[in-house]
Amino acid sequence: MGNLFGKVVKGKKDLFMSMQTEFLIWDEQATDQLSKYIRSGEVVAFPTETVYGLGADATNPEAVKKIFLAKGRPSDNPLIVHVSSIEQIESYVTEISPAARRLIQAFMPGPLTVVLPSNGKISDQVTAGLDTVGVRIPDHPAAQELIQKANVPIAAPSANLSGKPSPTSAIHVFQDLNGKIKAILDGGTTGVGLESTVVDCTGEKPEIIRPGGVTQMEIEEVLGYPIELATEDVSEVQPKSPGMKYTHYQPDVPLILIDGDQAFFQAQIDEYRSNGEKVGVLASEELATILNADLIHICGTVENLSTVAGQLYQSLRVFKKTEVDIILAEVFPTEGIGQAIMNRLNKAANQIIKQEK
Ligand code: AMP
Ligand code: MG
């Protein structure tokens, strides 16, 4: 998207916080500047291979508090710590199990987060008071440059307002957080498009607590045995990952998942339209091209689900209240990256309508 806003953009007035958010195009000078901001306790947004992150010095509780404030994130939802080496991971945990080590070696840098027993050096603000810490090594040169130059671990959730779809480009960050954070580093569109896979490695067997960029099958291949996906039952008193109990990825208008064939999907569209509602459709190229609705947005192909992963969040941001009343979205196969796609879509959805078989 280039330098749409010029080098510096004035921050919008906000009831609680207002600052001038700098908009920087990624280059060496920009990461120099951002690393100084991180070291001085400021909060900045930067690209990773998954989504844009909102980072602060993980060893500085006051800096970390600003992340929660800017996003409106509940303080009991822990943050992932971004580092640049395995040695750095070792310095924040009490132990790395053999299974965790295999996963780290196979997938880092990359879209995998491991939850390990914390040795207490990472602030309680980051871990939400848990005795574990989630760490990952991002596979994006801008993120790596920033972590190395800042020379501190960077705590970073996705750089969106809490509850909204995660940002896959700098403009999404700008839309959500302009005036609330020190700077945004524009490194183009992110590659994977969905967050990292979070694997709890503190138990006997690793367990996936959030599906993401690395698939269950890839993890099982490395480990040599099948593993579980933690239950997403939000009624659980103590969810495995606190993030599970919050709303996520909500578009501007209600989203309904349609689980059925093309004729069934079209019948649902027609029914909403007959009630005077403007219907938006979010679907693959294969399905979208044979449907009729008020606004149709194609988000990749079923044939290659990583295209859907890459475009999903951007697609959820396309539909505006002024244009549609409701979004009807396709249900994708849950193989491979499809597991993470459907995890996000199920959370974004208000309802699912199933065709009777
Ligand atoms: P986000 O910051 O939106 O990418 O979300 C990070 C996810 O990782 C959330 O679901 C958190 O609850 C989860 N997470 C981070 N640290 C831990 C931890 N120490 N234990 C369990 N889950 C964690
Ligand atoms: Mg997030």
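Structural data are supplied above this passage.
Tallying secondary structure elements over the chain gives twelve helices and 16 strands in all. In summary, the chain has a C-alpha radius of gyration of 20 Å against a globular reference of 21 Å for 357 residues, a match within 12%. Referenced to the eigenvectors of the C-alpha coordinate spread, the extents of the chain come out at roughly 60 × 50 × 35 Å. Per-residue burial for the chain yields a buried fraction of 55% across its 357 residues. Of the roughly 15300 Å² of accessible surface on the chain, a fraction of 49% belongs to carbon and sulfur atoms.

The next point concerns the pattern of salt bridges. Inspection of the entire model under this criterion finds nine salt bridges. Between Lys-65 and Glu-62 there is a salt bridge, and its shortest N-O distance comes to 3.1 Å. Of the two residues, Lys-65 and Glu-62 are both situated in helix H2 (residues 61-71); the distance of three residues between them amounts to about one turn of the helix. Its relative accessible area of 49% is what places Glu-62 among the partly exposed residues. A salt bridge links Arg-344 to Glu-195; its shortest N-O distance comes to 3.0 Å. Taken together, the positions of Arg-344 in helix H12 (residues 338-348) and Glu-195 in the loop between strand E8 (183-186) and strand E9 (197-200) put the pair 149 residues apart, joining distant regions of the chain. For the pair formed by Arg-344 and Glu-195, the shared burial category is buried. Sharing partners across several salt bridges, the network here consists of Asp-32, Glu-145 and Lys-149.

Glancing now at the sheet that holds strand E6 (residues 132-136). The strands making up a sheet are joined through hydrogen bonds of the backbone, oriented either antiparallel or parallel. Strand order in the open sheet formed by eleven strands is E1-E8-E2-E3-E7-E4-E6-E5-E9-E10-E11, and the pairing between neighbours is mixed. Unpaired on one side and paired on the other, strand E1 (22-25) and strand E11 (228-229) mark the two borders of the sheet. Note that strand E4 (residues 80-82) and E6 share three bridges and pair parallel. Paired with Ile-80 across the bridge in E6 is Gly-134.

Of note, Gln-339 is situated in helix H12. Overall, the relative accessible area of 17% leaves Gln-339 in the buried class. Apart from residues lying up to four places away in sequence, Gln-339 is in contact with Pro-211, Gln-216, Leu-229 and Thr-334.

The next subject is unusual backbone geometry. Note on backbone geometry: most residues besides glycine have negative phi, and most peptide bonds are trans. That bond from Met-108 to Pro-109 is cis: its omega, 0°, falls within 30 degrees of zero. In this fold, Pro-109 is placed in the loop between helix H4 (98-107) and strand E5 (112-117). Residue Ala-128 is not a glycine yet carries a positive backbone phi of 55°. Within the fold, Ala-128 resides in the loop between helix H5 (124-127) and E6. Looking at Ala-128, the relative accessible area reads 26%, which means it is partly exposed. At Tyr-249, a residue that is not glycine, the phi angle is positive and equals roughly 60°. Note that Tyr-249 resides in the loop between E11 and strand E12 (255-259).

For the rest of this paragraph, the subject is H2. Listed as buried for H2 are Ala-63, Val-64, Ile-67, Phe-68, Ala-70 and Lys-71. Buried-residue contacts for H2 involve strand E3 (53-57), H5, strand E7 (154-155) and helix H7 (170-177). Here H2 starts with a cap whose side-chain oxygen sits 3.1 Å from the backbone nitrogen of Glu-62, and that cap is Asn-60. Just downstream of H2, Gly-72 is the residue with a positive phi angle, here 70°.

This part is about the side chain of Ser-196. Looking at where Ser-196 falls in the secondary structure, it is placed in the loop between E8 and E9. Look at Ser-196 and you get buried, because its relative accessible area is 2%. Only 2.8 Å separates the side chain of Ser-196 from the side chain of Thr-113, close enough to count as a polar contact. In contact with Ser-196, not counting residues within four places along its chain, are Thr-50, Ile-80, Pro-111, Leu-112, Thr-113, Arg-136, Arg-210, Pro-211, Gly-212, Gly-213 and Arg-344.

In terms of burial, E5 is largely enclosed, as five of its six residues are buried. Sheet topology places E5 next to E9; four bridges connect them, and they run parallel. When the sheet's bridge partners are listed, Leu-112 is paired in E9 with Thr-197. Relative to E6, E5 is paired through four bridges, and the arrangement is antiparallel. Bridged to Leu-116 within E6 is Val-133.

Cut-offs used in this document
- Residues numbered from 1 in each chain as written.
- Chains lettered and ligands numbered in written order.
- Predicted model: local features only at pLDDT ≥ 70, side-chain atom pairs only at ≥ 80, totals over all residues.
- Heavy atoms only, no water.
- Helix = DSSP H or I, 4+ residues; strand = E, 2+ residues; numbered from the N terminus.
- Rg over C-alpha atoms; globule rule 2.2 N^0.38 Å.
- Buried < 20%, exposed > 50% of the residue type's maximum accessible area, 1.4 Å probe, protein only.
- Areas by Shrake-Rupley, 256 points an atom, 1.4 Å probe, with all protein chains shown as cover.
- Salt bridge = Lys/Arg side-chain N within 4 Å of Asp/Glu carboxyl O.
- Pairing = 2+ DSSP bridges.
- Contact = heavy atoms within 4.5 Å.
- Polar contact = N/O pair within 3.5 Å; in protein donor to acceptor, adjacent residues only side chain to side chain.

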